[in-house]
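Read off the chains here:
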Amino acid sequence: MQVHSVVDGPADGDVVVLSGSIGSTLAMWQPQVGPLVRAGYRVVRYDQRGHGRTAVPDEGASLADLGGDVLELLDGLGVDRAHFVGLSLGGMTGMWLGIHAPERLRSLVLCCTSAQLGTPESWFERGATARQQGMAAIADGSIERWFTADWLAAHPHERREYHHMTAATPAAGYAACCHAIATMDLLGGLPSIPVPTLVIAGADDPATPPEGHGSVIADAIPDARLEVVPGAAHLGNVEQPERFTDLITTHLATG
Ligand SMILES: O=C(O)CC1=CCC(=O)O1
């Protein structure tokens, strides 16, 4: 799979891979790029399979496919080990890597994510809605989970921008990643993740609230801790950029 990526920062910097949510593109990481580059990191952002400018698969994806895309990306860049920061689907991809390819990771940051989210049926149904009714039927609900109502009211331009981001996602790509979430099997593997892990949850995240999601991950990974960020819904790195960036850079410095 040819994965579309953008690389910023010094060629000799430690690599940080940024991996995003279902329905997003690599643009969702814009608030973190400048600070990470200024801290000396080589920042690699990419579009998940079937999202943005990465090719749409013919059939449903698995987390093994999404994790394999990251390994291919690292191989293509000649990078042995990287820090990995993933949000939501990106965090699930990060947990898969922590379980199946920990030797490629320096550290993990798992933002606004879950090791077991909803029922498989609910994700198959969401994928079918995307395919049959198009992304317009998905985008309004996504935006309301991604941001708090107060933030949306105060940021009309960003509201349109992020609505467009998810509405422009290919329906088949979105459905393929719904399949990856429906079929993921992460919980049992979490205790085997050996890398230092920071779990960040948004206090107001309706999709992956701290209780039952971030807390479960942080309890199961041996070297992990949980930070809950107030005033953040699901795309907490966008809604509370300074706090997320600060937590991420502090954790990377220890990895
Ligand atoms: O439901 C949403 O849109 C939130 C979400 C769950 C997994 C993911 O990547 O985003």
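Before reading further, recall that the structure is shown in the block above.
Note on numbering: residues in each chain are counted from 1, in written sequence order. In keeping with the model being predicted, local features are shown solely for residues with a pLDDT of at least 70 and side-chain atom pairs are shown and tallied solely at 80 or more, while totals for entire chains, interfaces and linings include all residues. Neither water nor hydrogens contribute to the side-chain values; these are computed over all heavy atoms in the structure.

Examining the sheet that holds strand β7 (residues 224-229)
Strands in a sheet are paired, the pairing made by backbone hydrogen bonds, and the direction either parallel or antiparallel.
Piece 1. In short, DSSP must find at least two bridges between two strands for them to pair. Each helix is a run of DSSP H or I of at least 4 residues and each strand a run of E of at least 2, with the numbering of both proceeding from the N terminus. Taken together, the 7 strands give an open sheet; going across it, the order is β1-β3-β2-β4-β5-β6-β7, and neighbouring strands pair in mixed fashion. Edge strands, defined here as strands with exactly one partner in the open sheet, are β1 (5-8) and β7. The average angle at which neighbouring strand axes cross in this sheet is 15°, direction not considered.
Piece 2. Here 4 bridges tie strand β2 (residues 15-19) to strand β3 (residues 42-46), and the two strands are oriented parallel to one another. For V17, the partnering residue across the bridge sits in β3 and is V44.
Piece 3. Note on contacts: a residue pair is in contact if any heavy atoms of the two residues lie within 4.5 Å. To obtain an axis, a line is fitted to C-alpha atoms, over the contacting stretch when the element is a helix, and the angle between two such axes runs from 0 to 180 degrees between their N-to-C directions. Contacting β1, β2 and β3, helix α1 (residues 30-38) crosses the sheet at an angle of about 160° to β3.
Piece 4. Of the strands in this sheet, β5 (105-111), β6 (197-202) and β7 are in contact with helix α9 (residues 210-220), which crosses β7 at around 150°.

Quick word on the environment of L187
Piece 1. Note that L187 resides in the loop between α8 (171-182) and β6.
Piece 2. Sequence separation between L187 and A115 is 72 residues; the distance between their C-alpha atoms is 5.6 Å.
Piece 3. If we ignore the near neighbours within four places in the chain, the residues touching L187 are A115, Q116 and V216.

A few points about the site of the ligand
Piece 1. Here a residue is near a molecule or strand as soon as one of its heavy atoms is found within 4 Å of it. Around the ligand lies a shell formed by S21, I22, S88, L89, L117, W123, R126, R145, W146, I181, A207 and H234.
Piece 2. Separating an oxygen atom of the ligand from a side-chain N or O atom of S21 is a distance of 3.3 Å.
Piece 3. Within the contact set of the ligand, an oxygen atom lies 2.7 Å away from a side-chain nitrogen or oxygen of S88.
Piece 4. Under the convention used here, a 1.4 Å probe and the Shrake-Rupley method define accessible areas, while residue burial counts only the protein chains that appear. Burial of the ligand by the surrounding chains reaches 99%, relative to a free accessible area of 290 Å².
Piece 5. Counting only elements with at least two residues in the shell around the ligand, the list comes to α4 (120-133) and α5 (136-146). Here a polar contact means two N or O atoms within 3.5 Å. Within protein one must be a hydrogen donor candidate and the other an acceptor candidate, and residues neighboring in sequence count only if both atoms are side-chain atoms.

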